[in-house]
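# Residue-level structural notes
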Amino acid sequence: MSLAGFLSSRIIRASGRSSTTARPLVTVAVAGIALGVMAMLLSVMIVTGFRNEIANKVTGFMAHYRIHKFDTNNSFEDSPISEHQEFIKVLKALPQIKTIQPYAYKACILKAKDEIQGVVLKGVSKEFDWSFFRDKITEGRLPNLNDSVSDEVLISKNISEKLQLKCGDHFLVFFIQKDRKVRKLKISGIYQTGLSDDFDNLYLLCDIRFIRKINNWEQDQVGGFEIFLKDFDKLEKMTPLVYKETGYQLNTQTVKELYPQIFNWLELQNLNVMVIITLITLVAGITMISTLLILVLENTRQIGLLKAMGASDNLVGKTFGLVALNILIKGLLIGNILGITLGWLQLKFGLISLPVESYYISKVPVNFTLSGILLINACTIVVCLLMLLLPSRLISKIDPIKVLRFD
């Protein structure tokens, strides 16, 4: 053991046994660092979990990219394009692309008993990836898109409750067009995503061939295409390539362009977390300074003796640096254990719930990332060690002659 290590261990043991001031202060310092690290870990895990959960819901419903024809139409309905596009084969060959599937939208008025509501039918094909909706089914089953045109639809729980509909019920849909078509549809299942305002209160999923028939389209015409990526974080990187392959005749929009209000809101949450982490880290650093200053003042006589015996300022500073490192490691260890344990309990049991109508999810989400945990610990260590410069300056100004003379 080095001399600095030996001296620091003596100071720590002395503070724990005899000092009426240093002992509770060291305990408070360890607790302060532990609580700060725990709060930072939980903040990062919850915000990243919240961001991932909402992003997965929006992209699961509306895909990462929507490709449709350029036109001046601002309604929900797109002008038809051919289902056979050259870019499909090229993009499907890319490892980042998960799925490319056709869609078609049709606005209509839903009537059930004495209630009506404006809705949008989203037509999907037999190749549609139902993995997102399969987990969101609260009652019934997915529509059966067999060989003939299906009249089954998947309706949201919000709409079904407003119009007092249940699985197996039939209802009428009125299409606002020249021939004023009216059709009867059957509810096969009820879904709930929690995205009430933008999705659950608006969309019903049906057979794309039903919309072709209503619009008098050709059998190979669709409203557009949806592209799903395997990793949402690759969205910005893949966007230029998707734009290039789809060409200038088609309009390619990312999910962030389609729903900027949601993703801007998520970015604002990231800013809030950065502010919280900065403030907590500074508080932990100030706590460390206060603790060391009191330890230095309580051990002024020992510092004077060490300097009188030939100890350099560097040795004394290193000694108290090791004392601080001991406090910091204890705080980090306890904080990580508490933060990770509480995060795991929330992930496993969902102890804290949220109002779905306000936050789009029913439970506080948690996302464990090793990089985030390591970054928080590294920032805490760096800031606290930088804060040690002030106690080091105080140590260098202690004059052994004055300290020993007036002891």
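Rules of the game
Residues numbered from 1 in each chain as written. Predicted model: local features only at pLDDT ≥ 70, side-chain atom pairs only at ≥ 80, totals over all residues. Heavy atoms only, no water. Helix = DSSP H or I, 4+ residues; strand = E, 2+ residues; numbered from the N terminus. Contact = heavy atoms within 4.5 Å. Areas by Shrake-Rupley, 256 points an atom, 1.4 Å probe, with all protein chains shown as cover. Core = buried A, V, L, I, M, F, W, Y, C linked by side-chain atoms within 4.5 Å. Buried < 20%, exposed > 50% of the residue type's maximum accessible area, 1.4 Å probe, protein only. Polar contact = N/O pair within 3.5 Å; in protein donor to acceptor, adjacent residues only side chain to side chain. pLDDT = per-residue confidence, 0-100. Axes fitted to C-alpha atoms, helices over the stretch in contact; angles between N-to-C directions. Parallel < 35°, antiparallel > 145°, perpendicular 65-115°, else oblique. Left-handed = near helix turned anticlockwise from the far one by under 90°.

### A short note on the overall build of the chain
Counting secondary structure elements, the chain contains 16 helices and twelve strands. Taking all contacts inside the chain whose residues are at least 6 apart in sequence as the whole, residues at least 24 apart take part in 78%. For the chain, the computed accessible surface area is about 21,000 Å², with 59% contributed by carbon and sulfur atoms.

### Describing the nonpolar core
Within soluble globular proteins, side chains that are nonpolar tend to cluster in buried spots. With 72 residues, the main nonpolar core has Leu-110, Phe-133, Phe-171 and Tyr-203 as its most contacted residues. When residues in this core are grouped by element, the largest group, eight residues, is from strand β3 (residues 97-112). Not counting residues up to four positions away in its chain, the partners in contact with Phe-171 are Leu-110, Lys-111, Ala-112, Val-153, Leu-165, Arg-183, Lys-184, Leu-185, Ile-187 and Leu-204. Within the second largest apolar cluster, 31 residues are counted, among which are Val-37, Leu-295, Val-366 and Cys-384.

### Looking at the side chain of Asp-169
Here Asp-169 is to be found in the loop between α5 (157-162) and β7 (170-174). Here Asp-169 falls in the buried class, since its relative accessible area comes to 18%. In terms of polar contacts, Asp-169 uses its side chain to reach the backbone amide nitrogen of Lys-166, at 3.0 Å. For Asp-169, the contacting residues outside a window of four places in its chain are Gln-164, Leu-185, Lys-186 and Ile-187.

### Examining the side chain of Thr-239
Examined against the element boundaries, Thr-239 turns out to sit in helix α8 (residues 235-246). Thr-239 gets classed as buried once you look at its relative accessible area, which sits at 10%. Within the structure, the side chain of Thr-239 is placed 2.6 Å from the backbone oxygen of Leu-235, a separation counted as a polar contact. If we skip the residues at most four places from it in the chain, Thr-239 touches Tyr-65 and Thr-254.

### Focus on unusual backbone geometry
Glycine aside, negative phi is the norm for most residues, and most peptide bonds take the trans geometry. For Lys-113, which is not a glycine, the phi torsion comes out positive at approximately 55°. You will see that Tyr-360, though not glycine, has its phi angle at about 70°, which is positive. Tracing the sequence through the fold places Tyr-360 in the loop between α13 (356-359) and α14 (370-387).

### Some words on the confidence of the model for the chain
The predicted model of the chain has a mean per-residue pLDDT of 85, with 88% of residues at 70 or higher. The spread of mean pLDDT over the elements of the chain runs between helix α16 (residues 400-405), the lowest at 58, and strand β11 (residues 224-229), the highest at 96.

### Side note on the packing of helix α10 (residues 260-298) against α14
Between two packed helices, what matters for the description is the angle formed by their axes and the separation of those axes. Running from N to C, α10 and α14 cross one another at 40°; their axes reach a closest spacing of 8 Å. On the basis of their axis angle, the class for α10 and α14 is oblique. The interaxial crossing formed by α10 with α14 has right-handed handedness. Residues Thr-281, Leu-282, Ala-284, Gly-285, Ile-286, Met-288 and Ile-289 of α10 form the contact with α14, whose participating residues are Cys-379, Thr-380, Val-383, Cys-384 and Met-387.

### A look at the environment of Asp-207
Along the chain, Asp-207 turns up in strand β9 (residues 203-207). Sequence spacing of Asp-207 and Leu-154 is 53 residues, and the spatial spacing of their C-alpha atoms is 10.0 Å. In terms of polar contacts, Asp-207 uses its side chain to reach the backbone amide nitrogen of Ser-150, at 3.2 Å.

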